[in-house]
Amino acid sequence: MAIQWFPGHMHLTKKAISERIKEIDVVIELLDARLPGSSANPMLAELTGAKPALKVLNKQDLADPVRTPLWLAHYNSQPGTSAIALDASETAPARRLIDACHALAPTRGSMVKPMRVLICGIPNVGKSTLINTLTGKRATKTGDEAGITKLEQRIVLADGFYLWDTPGMLWPRIIVAKSGYNLAASGAIGRNAFNEEEVALELLDYLIQAYPALLEARYKLKLTPGITDEQLLEEIGRKRGAVLSKGRVNLQKAAEIVIYEFRAATLGRITLETPEEFAQWLAAGQLLDAERQVKKDRIETDRLIRFKKIPRPAREDS
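The shown structure was predicted, so the numbers you read here are calculated from the model rather than taken from an experiment.

## Considering the overall build of the protein
Per the secondary structure count, the protein includes eleven helices and six strands. Viewed in the frame of its principal axes, the protein has a C-alpha envelope of about 75 × 75 × 35 Å. Here the protein holds 318 residues, and the buried ones make up 48% of them. Across the protein, 44 positive and 38 negative side-chain charges occur, with their mean positions spaced 5 Å apart.

## With respect to the pairing of strand β4 (residues 115–121)
Of all seven residues in β4, six are buried, a share of seventy percent or more. As paired elements, strand β1 (residues 26–32) and β4 share five bridges and run parallel to each other. Bridge pairing in β4 places valine 27 opposite leucine 118.

## Examining the packing of helix α6 (residues 177–186) against helix α10 (residues 251–263)
Axis separation between α6 and α10 bottoms out at 8 Å; the angle between their running directions is 80°. When the interaxial angle is binned, α6 and α10 end up roughly perpendicular. Contacts from Ala184, Ala185 and Ser186 of α6 reach α10 at Ile259, Phe262 and Arg263. Along the lines of polarity and charge, the residues of the contact of α6 with α10 split into four nonpolar, one polar and one charged.

## Examining the environment of serine 39
Within the secondary structure, serine 39 sits in the loop between β1 and α2 (42–48). Using a relative accessible area of 1% as the deciding quantity, one classes serine 39 as buried. Put simply, serine 39 and glutamate 202 are 163 residues apart on the chain and 17 Å apart in space, counted from C-alpha to C-alpha. Residues within four places of serine 39 in sequence aside, it is in contact with Glu29, Leu31, Asp32, Ile122 and Leu183. Reaching out from serine 39, the side chain makes a polar contact with the backbone oxygen of leucine 35 at a distance of 2.7 Å.

## Quick word on the environment of leucine 204
One can find leucine 204 in helix α7 (residues 196–210). Setting aside residues up to four positions removed in sequence, leucine 204 forms contacts with Leu215, Asp229, Leu232, Leu233, Ile236 and Val258.

## Some details on the side chain of lysine 178
Within the secondary structure, lysine 178 sits in helix α6. Non-local contacts of lysine 178, meaning those with residues more than four positions away in its chain, are made with Glu202, Tyr206 and Trp281.

## Overview of the confidence of the model for the protein
Should pLDDT be low for a region, the predicted coordinates there are not to be read in detail. Per-residue confidence for the protein averages 88 on the pLDDT scale, and 91% of its residues sit at or above 70. Within the model, pLDDT remains below 50 along residues 139–150, and this stretch shows 36 contacts once partners closer than five positions in the same chain are excluded.

## Here we look at helix α9 (residues 229–239)
Turning to α9, its buried residues number three or more, namely Asp229, Leu232, Leu233, Ile236 and Gly237. Here the buried residues of α9 occupy an arc of 140° about the axis, which is enough to place them on one side. Tucked inside the fold, the buried residues of α9 contact α7, α8 (212–219) and α10. Within two residues after α9, glycine 241 carries a phi angle of roughly 75°, on the positive side.

## Observations regarding the packing of aromatic side chains
How two aromatic rings sit relative to each other is set out by the distance from centre to centre and by the angle between their planes. Taken as a whole and assessed by the stated rule, the structure comprises three aromatic pairs. By way of ring pairs, the aromatic residues Trp71, Tyr75 and Phe278 are connected into one cluster. Its end group placed over the ring of tyrosine 162, arginine 154 keeps NZ or CZ at 4.5 Å from the ring centre.

## A closer look at the packing of α9 against α10
At a minimum axis separation of 9 Å, α9 and α10 run at an interaxial angle of 90°. When the axes of α9 and α10 are compared, the pair comes out roughly perpendicular. Facing α9, whose interface residues are Leu233, Glu234, Ile236 and Gly237, α10 presents Leu251, Ala254, Ala255 and Val258. Across the contact of α9 with α10, the residue classes break down as six nonpolar, one polar and one charged.

## Focus: the environment of glutamate 202
Structurally, glutamate 202 can be placed in helix α7. Here the alpha-carbon distance between glutamate 202 and aspartate 229, two residues 27 residues apart in the chain, equals 7.5 Å. Apart from the residues within four sequence positions on either side, glutamate 202 is in contact with Lys178 and Tyr181.

## Quick word on helix α4 (residues 94–104)
It helps to recall that an α-helix has 3.6 residues per turn; residues three or four apart then point in one direction. By the burial criterion, the buried members of α4 are Ala94, Leu97, Ile98, Ala100, Cys101 and Leu104. Down the axis of α4, the buried side of the element spans an arc of 165°, and every buried residue falls inside it.

## As for the pattern of salt bridges
The full count for this structure, using the stated rule, is 18 salt bridges. When the shortest N-O distance is used, the salt bridge between arginine 95 and aspartate 99 registers 3.1 Å. Taken together, the residues span about one helical turn, with arginine 95 and aspartate 99 both in helix α4 at a distance of four residues. According to the relative accessible area criterion, aspartate 99 is partly exposed, its value standing at 40%. For the salt bridge of glutamate 234 with arginine 238, the shortest nitrogen-to-oxygen distance reads 3.8 Å. A residue pair is termed a helical-turn pair when its members lie 3 or 4 positions apart in one helix, as glutamate 234 and arginine 238 do in helix α9 at four residues. Taken together, the salt bridges that share partners define one network made up of Asp25, Arg108 and Arg116.

Parameters and conventions
Residues numbered from 1 in each chain as written. Predicted model: local features only at pLDDT ≥ 70, side-chain atom pairs only at ≥ 80, totals over all residues. Heavy atoms only, no water. Helix = DSSP H or I, 4+ residues; strand = E, 2+ residues; numbered from the N terminus. Buried < 20%, exposed > 50% of the residue type's maximum accessible area, 1.4 Å probe, protein only. Lys, Arg positive; Asp, Glu negative; His and termini not counted. Charge placed at Lys NZ, Arg CZ, Asp CG, Glu CD. Pairing = 2+ DSSP bridges. Axes fitted to C-alpha atoms, helices over the stretch in contact; angles between N-to-C directions. Parallel < 35°, antiparallel > 145°, perpendicular 65-115°, else oblique. Contact = heavy atoms within 4.5 Å. Nonpolar A, V, L, I, M, F, W, Y, C, P; charged D, E, K, R; others polar. Polar contact = N/O pair within 3.5 Å; in protein donor to acceptor, adjacent residues only side chain to side chain. pLDDT = per-residue confidence, 0-100. Arc of directions from axis to C-beta. Phe/Tyr/Trp six-rings, centres within 6.5 Å; stacked < 30°, edge-to-face > 60°. Lys NZ or Arg CZ within 6 Å of the ring centre and 35° of its normal. Salt bridge = Lys/Arg side-chain N within 4 Å of Asp/Glu carboxyl O.

Structure follows, in structure tokens:
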């Protein structure tokens, strides 16, 4: 299953970013610390060009504390880029963000040359909650649902420091299949765009390998060697009373339990990818996408030849 979700208002967001970026000094991209690679929007690089970038790994209190430093090092090693981690418990994050932006654009930040910052992120990454914390008031609507913010807003964080907030935006086509599942598990994708059972199975398949102890502790079970994601989902359903008539497991209910408990971190502090894993997934996705494009181009060429829009190429042996 390929998971895709790009509602109409995201087209407007893309257009707004394209127009706003000309006067922006620093771009803040808010990432989900549990899936930093999958939650980084590849379309932003095209839209923002060589603008200095601050990657903020939000929700670090939900992420694996061992893996978060790996991701910070990964982004800090990139040219023109800095990375910091934040979470909901930090009561005064404005100073850290302002200082990090000043380090990236040291000539900006006065009343004469104000710092102009654009903040972007995928849906439900916690951007509105962060901005409300930054301003000390309810500047934006929040909710545990993808796509709450629909309008661009300008917020004054300090004298000579202006922040433009944009609605959460995904990209038109997710070429890394694993990213689609991770985004769905995190809540970044609307529920109508994916099947909870499939997402829960993908999630469990990863957790069996990466976090078996957390699964055993949360669901009070022992992972037998070779257990599959399907078998584990059934066992979780039985443990949690998600049972239908004749002892059948309600897999939909079991899947909802697994996804909810991952999002709430009641399963534990989990990060669904390392920089190395994501690089491998991305390379495989790009290769598959290139093969798909070659096939698509061949079909289009054959169609144009058939309708005499272009001449048939000469045979090499003629």
